[in-house]
Amino acid sequence: MIENNKKLPVFLFLTGLSKSLLGLFNVIYLAKLGFSVTDIVTWQLVVYIGYLILYPISSFIGGKYGFKRLFPFCIFIFFVCYLYLNFFVKTTFDVIIYAILFVSWTNIYWMTKYHLEFQYLKQNSKVGKKVGVFLIVSQVASLLSGIVSAFILEQASLFILIVISGIIMCSSLIPLFTIQEEKGKVASIKDYFQVVPATTLFHLFLKQGFNVIEQFFPLYLYLYVKQSYSFVGIVNLLLGLASIVFTYFISKKIDKKKEAYLLLSTVLLCSVYLLEMNITSNIILIIVFAEGIVKQFFSIVGDNNYYALGTKISYSSYILGSRFYMNVCRILILLIAFFLNQSLPKLMYFCIGFIILSGFVPFLTDIKNKH
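Now for a quick tour of the structure. The structure displayed is predicted, hence computed values, not measured ones. (Residues numbered from 1 in each chain as written. Predicted model: local features only at pLDDT ≥ 70, side-chain atom pairs only at ≥ 80, totals over all residues. Heavy atoms only, no water.)

1. Some remarks on the overall build of the chain
How we decide: Strands are runs of DSSP state E lasting at least 2 residues, helices are runs of H or I lasting at least 4, and numbering of each runs from the N terminus. Computation of the radius of gyration draws on C-alpha atoms alone. For the globule rule, the value is 2.2 Å times the number of residues to the power 0.38. Per-residue accessibility, obtained with a 1.4 Å probe over protein chains only, is compared with the maximum for each type, and a residue is labelled buried under 20%, exposed over 50%, and partly exposed between these values. Contact between two residues is taken to exist if any of their heavy atoms lie within 4.5 Å; hydrogens are not considered. For every accessible area listed, the method is Shrake-Rupley and the probe measures 1.4 Å; residues are considered covered only by the protein chains on display. Neither His nor the chain termini are counted; the positive set is Lys and Arg, and the negative set is Asp and Glu. Charge positions come from single atoms, namely NZ of Lys, CZ of Arg, CG of Asp or CD of Glu.
Tallying secondary structure elements over the chain gives 16 helices and zero strands in all. By the compact-globule yardstick of 21 Å for 371 residues, the chain fits well, its C-alpha radius of gyration being 19 Å. Its C-alpha atoms give the chain principal-axis dimensions of roughly 50 × 40 × 40 Å. In the chain, which comprises 371 residues, the proportion classed as buried is 59%. Sequence-distant contacts in the chain: of pairs separated by 6 or more residues, those separated by 24 or more amount to 87%. For the chain, the computed accessible surface area is about 15300 Å², with 68% contributed by carbon and sulfur atoms. Charge centroids of the chain, computed over 30 positive and 15 negative side chains, lie 5 Å from each other.

Listed below in structure tokens is the structure:
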């Protein structure tokens, strides 16, 4: 058994910070360049489709040779991706190329992150407590990133932000190469579907409405509430402040009562989303603070279920299968919810409906026997 050291949270923090500095304003920057909501949704659709193609490839290479060897290539594509955005994105075709570059580095980022996290969780019994640590690290990384990114974009340029974010991403290699890693893990999408209950798969399908709405909520704020980088950055700060303390408080209690919290967290989250969708003044900042609390409640419940199930089977197959399946679901949601009506608010309402329904479908963490 590999004894993972304490450098994993440091790696997660640095990569999370770097990703957050540029990621929060991804879709907003495209809107700022004059692209339509349809162009931006198309960008996201290409990203989701790209994951379906690249996840199996990076999973195979990383599983055989090690994700630590693959990550420097991820950083190289990171720079190419955002420099392309800064200097060359002018047309819808450029947006598609940018999407391909974006998914080329983020698929390696996600596969590396989940691989190391599950490797760590496999050696610990208190899944809820450890997942709480992951969430806190993620929240601390993104807490000030919105304000910092907004300041740099408004006072300097995207290029300066790329340089700063890139330096942080490169520094993550220092803790990464001190982390021991399991190799030779063969991943199979088929194995995932053989052991995950159908009820859980249906729950995950409905829950992808949350991922979609999270991708486009910053754009919604920018287009329909206030067209300001700073405003979106303040919203991100409030979300982070509200969630960090709550994450630490509730994550220790989730191991025992995952099912009892599922419906409650779903109802609370959707109620807050509906309030935000019907307020267009600065008073929305009060509701945003409440969102930070209930969204983290919702995320903790979901993440604990997700990680708890993944520790019971081959985590390499679980990571690949779950990421592949969830992106299929996201593609379907985008195609149904947006391209039938071409409206961002209607897309948001549609996703809220899916999230509500997910609260009534249990996430089963008991695996089924292979046949």
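2. Considerations on a nonpolar patch on the surface
To keep things clear, this is the line we draw: What makes a patch is a set of residues exposed beyond 30% relative accessible area and free of salt bridges, joined within 9 Å when like-charged and within 5 Å when nonpolar (Val, Leu, Ile, Met, Phe, Trp, Tyr). One speaks of a salt bridge when a side-chain nitrogen belonging to Lys or Arg is within 4 Å of a carboxyl oxygen belonging to Asp or Glu.
A cluster of nonpolar side chains, F87, F88, F159, I160, V163, I164 and I167, forms an exposed patch at the surface whose accessible area comes to about 620 Å². Looking at which element gives the most residues to the nonpolar patch, the answer is helix α8 (residues 158–171), with five residues. For V163, the position within the fold is in helix α8. Residue class for V163 comes out partly exposed when judged on its relative accessible area of 35%.

3. Description of the side chain of S172
Here S172 lies in the loop between α8 and α9 (173–176). On the accessibility criterion, S172 (0% relative accessible area) is buried. Each residue touching S172, except ones within four places of it in the same chain, is listed here: F11, L14, T15 and F71.

4. Some words on the nonpolar core
Definition in use: Think of a nonpolar core as a cluster: buried Ala, Val, Leu, Ile, Met, Phe, Trp, Tyr and Cys residues, connected wherever their side-chain atoms sit within 4.5 Å.
Counting residues in hydrophobic clusters, the biggest one holds 123 residues, and the most contacted among them are F71, Y82, Y98, W105 and F216. Counting residues in each nonpolar core, the second largest holds five residues, with F246, Y261, L262 and F297 among its members.

5. Here we look at the packing of aromatic side chains
Short version of the rule: Side-chain rings of Phe, Tyr and Trp, where Trp is taken by its six-membered ring, are said to pair if the distance between their centres is within 6.5 Å; with planes under 30 degrees apart they count as stacked, over 60 as edge-to-face, and otherwise as tilted. By definition here, charges over rings are those cases where NZ of Lys or CZ of Arg is within 6 Å of the ring centre and within 35 degrees of the ring normal.
By the definition in use, this model includes 37 aromatic pairs. Between Y220 and Y224, the ring centres sit 5.0 Å apart and the planes meet at 25°, which makes this aromatic pair stacked. Separated by four residues within a single helix, Y220 and Y224 lie in helix α11 (residues 198–224), roughly one turn from each other. Owing to a relative accessible area of 4%, Y220 belongs among the buried residues under this scheme. It is K113 that lies over the ring of Y114; its NZ or CZ is 4.7 Å from the centre.

6. Notes on the pattern of salt bridges
Enumeration according to the criterion identifies three salt bridges in this entry. A salt bridge links K295 to E214, with the shortest nitrogen-to-oxygen separation between them at 2.8 Å. In this pair, K295 sits in helix α14 (residues 284–310) while E214 sits in helix α11, placing the two residues 81 residues apart along the sequence. Accessibility expressed as a relative area gives 12% for K295, which makes it buried. Linked through salt bridges whose partners overlap, the residues forming this network are E214, E291 and K295.

7. Comments concerning the environment of S157
With respect to the helices and strands, S157 occurs in the loop between α7 (145–155) and α8. Between the C-alpha atom of S157 and that of L21, which follows or precedes it by 136 residues, the distance is 13 Å.

8. Focus: the packing of α11 against α14
Quick note on the threshold: Note on definitions: angles span 0 to 180 degrees between N-to-C directions of axes, and those axes are lines fitted to C-alpha atoms, for helices only across the stretch in contact. Crossings are sorted by hand: turned counterclockwise from the far helix by less than a right angle, the near helix makes the crossing left-handed, and turned clockwise it makes it right-handed.
At their nearest, the axes of α11 and α14 sit 13 Å apart, and the two run at 150° to each other. Handedness of the α11/α14 crossing: left-handed. Across the interface between the two elements, T200, K207, F210, E214, F217 and L221 from α11 touch I284, E291, K295, F298, S299, G302, D303 and L309 from α14.

9. Details of α14
Defined as follows: A helix is expected to span 1.5 Å multiplied by its residue count minus one.
The terminal C-alpha atoms of α14, which comprises 27 residues, lie 37 Å apart, in line with the 39 Å expected from a rise of 1.5 Å per residue. For α14, the buried fraction is high: 21 of the 27 residues fall into the buried class.

10. Considering the environment of E276
With respect to the helices, strands and loops of the structure, E276 is situated in helix α13 (residues 258–277). Along the backbone, E276 and L219 are 57 residues apart, and their C-alpha atoms lie at a distance of 13 Å. Sequence-distant contacts of E276, that is, excluding residues within four places in its chain, are made with F217, Y220, I284, I287, V288 and E291.

11. What to know about α11
With 27 residues, α11 should cover 39 Å at 1.5 Å per step; its first-to-last C-alpha distance of 38 Å lies within 8% of that length. Buried residues dominate α11, accounting for 20 of its 27 residues.

12. Concerning the packing of helix α1 (residues 8–23) against α8
Selection rule: Should an angle fall under 35 degrees it is taken as roughly parallel, and over 145 as roughly antiparallel, whereas 65 to 115 is taken as roughly perpendicular and any remaining angle as oblique. Residue polarity is assigned by list, with Asp, Glu, Lys and Arg as charged and Ala, Val, Leu, Ile, Met, Phe, Trp, Tyr, Cys and Pro as nonpolar; anything else, Gly included, falls into the polar class.
In the contact formed by α1 and α8, the axes pass within 8 Å of each other and the chain directions differ by 165°. The angle between α1 and α8 falls in the class roughly antiparallel. At the point where α1 passes α8, the crossing takes the left-handed sense. Each of L14, T15, L17, S18, K19, L21 and L22 in α1 lies in contact with α8, whose residues at this interface are L158, L161, I162, I164, S165, I168, M169 and S171. Looking at the contact of α1 with α8 residue by residue, the class counts come to ten nonpolar, four polar and one charged.

13. Some details on the environment of I352
Structurally, I352 can be placed in helix α16 (residues 344–358). Judged by relative accessible area, I352 falls into the buried class, the value being 2%. For the pair I352 and V212, spaced 140 residues apart in sequence, the C-alpha to C-alpha distance is 9.8 Å.

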